[in-house]
Amino acid sequence: MTIERTFSIIKPNAVAKNAIGAIYARFETAGLKIVAAKMVQLTREQAEGFYAEHLGKPFFDGLVGFMTSGPVMVQALEGEEAVRRHREIMGATNPDNALAGTLRADYADSLTENAVHGSDSTESAAREIAYFFTESEICPRTR
Ligand code: IDP
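Residues numbered from 1 in each chain as written. Predicted model: local features only at pLDDT ≥ 70, side-chain atom pairs only at ≥ 80, totals over all residues. Heavy atoms only, no water.

Turning next to the overall build of the chain. Along its length, the chain carries 7 helices and 4 strands. Starting at the N terminus, the α and β elements of the chain follow one another as β-α-α-β-α-α-β-α-α-β-α. The C-alpha radius of gyration of the chain comes to 14 Å, within 12% of the 15 Å expected for a compact globule of 143 residues. With respect to the principal axes defined by its C-alpha atoms, the chain has extents near 45 × 35 × 25 Å. Residue burial in the chain is summarised as follows: out of 143 residues, 46% are buried. Restricting to contacts in the chain with at least 6 residues of sequence separation, those with at least 24 account for 79%. Positive and negative side-chain charges of the chain, numbering 15 and 19 respectively, have mean locations separated by a distance of 3 Å. (Helix = DSSP H or I, 4+ residues; strand = E, 2+ residues; numbered from the N terminus. Rg over C-alpha atoms; globule rule 2.2 N^0.38 Å. Buried < 20%, exposed > 50% of the residue type's maximum accessible area, 1.4 Å probe, protein only. Contact = heavy atoms within 4.5 Å. Lys, Arg positive; Asp, Glu negative; His and termini not counted. Charge placed at Lys NZ, Arg CZ, Asp CG, Glu CD.)

Here it is, written out as C-alpha cells:
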C-alpha cells in the first residue's frame, strides 16, 4: 500500500458555484483524506509563482487573471496512490475530453476555467503543498 499526499485547488469558478462541499464529498468517497485546507485569495505574485512552469505560454496571463479572480480552496489530500487517484477524479485538463462523472466534466467552464488543480507527481505534490502550508498546518491521518 502506497500512502501518498497530493495537492488540490478548487479554482475560483468552482468556489463561485458553491461546489466546495460537493467536491470534498468526491474526495472523501474516493478514500482521499483532507490533511490540510484553507481558503485563499491568491495575489498575482502567488499565482505567477505557482504556475511558473507555464510562464511565457500564450495562456499564462489569462490563467493568472482567472486564478486571482476570486477565492480558491487549497488542500493537501492523503491516501493510497493519492496523486493518480485524485487526477482520475478530476478528469482531463480540457473539459471537452473529461470523462463523464469527473470533476472537470461536472464543474469546468472552459480549458482555463477547469474547476480544479491536482499535482501531477509526488515530487510536484511535495513542492506545491510546501508552497501553501507549513508542516505544522498539516495533520497526518494515516496513523
Ligand atoms: P493540469 O492542471 O491538468 O495539470 P497543466 O498543463 O499543468 O494542466 O495546465 C495548468 C492549467 O493551465 C490548466 O489546468 C488550465 O487551467 C490552464 N491551461 C492549460 N493549458 C491551457 C491552454 O492551452 N489554454 C488555456 N488554459 C490552459
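On we go.
With that out of the way, let us pick up the nonpolar core. Counting residues in each nonpolar core, the largest one holds 21 residues, and the members touching the most others are Phe7, Met67, Val74 and Phe133. For this core, the secondary-structure elements that each account for two or more residues are β1 (3-10), β2 (33-40), α3 (44-50), α4 (60-67), β3 (72-80) and α7 (122-132). No other element matches the 5 residues that α4 contributes to this core. Discounting chain neighbours no more than four positions away, the residues touching Met67 are Ile9, Lys11, Pro12, Leu42, Ala47, Tyr51 and Val72. (Core = buried A, V, L, I, M, F, W, Y, C linked by side-chain atoms within 4.5 Å.)

With antiparallel pairing, the 4 strands of this open sheet are ordered in space as β2-β3-β1-β4. Each edge of the sheet is formed by a strand with only one pairing partner; in this case those strands are β2 and β4 (116-118). Here the strands of the sheet are splayed against their neighbours by 20° on average, with no regard to which way each runs. Alignment of β1 against β4, held across 3 bridges, turns out to be antiparallel. From the neighbouring strand, Ile10 faces β4, where its bridge partner is Val116. Lying on the sheet, α7 is in contact with β1, β2, β3 and β4; it crosses β1 at an angle near 55°. (Pairing = 2+ DSSP bridges. Axes fitted to C-alpha atoms, helices over the stretch in contact; angles between N-to-C directions.)

These figures capture arrangement, not role.
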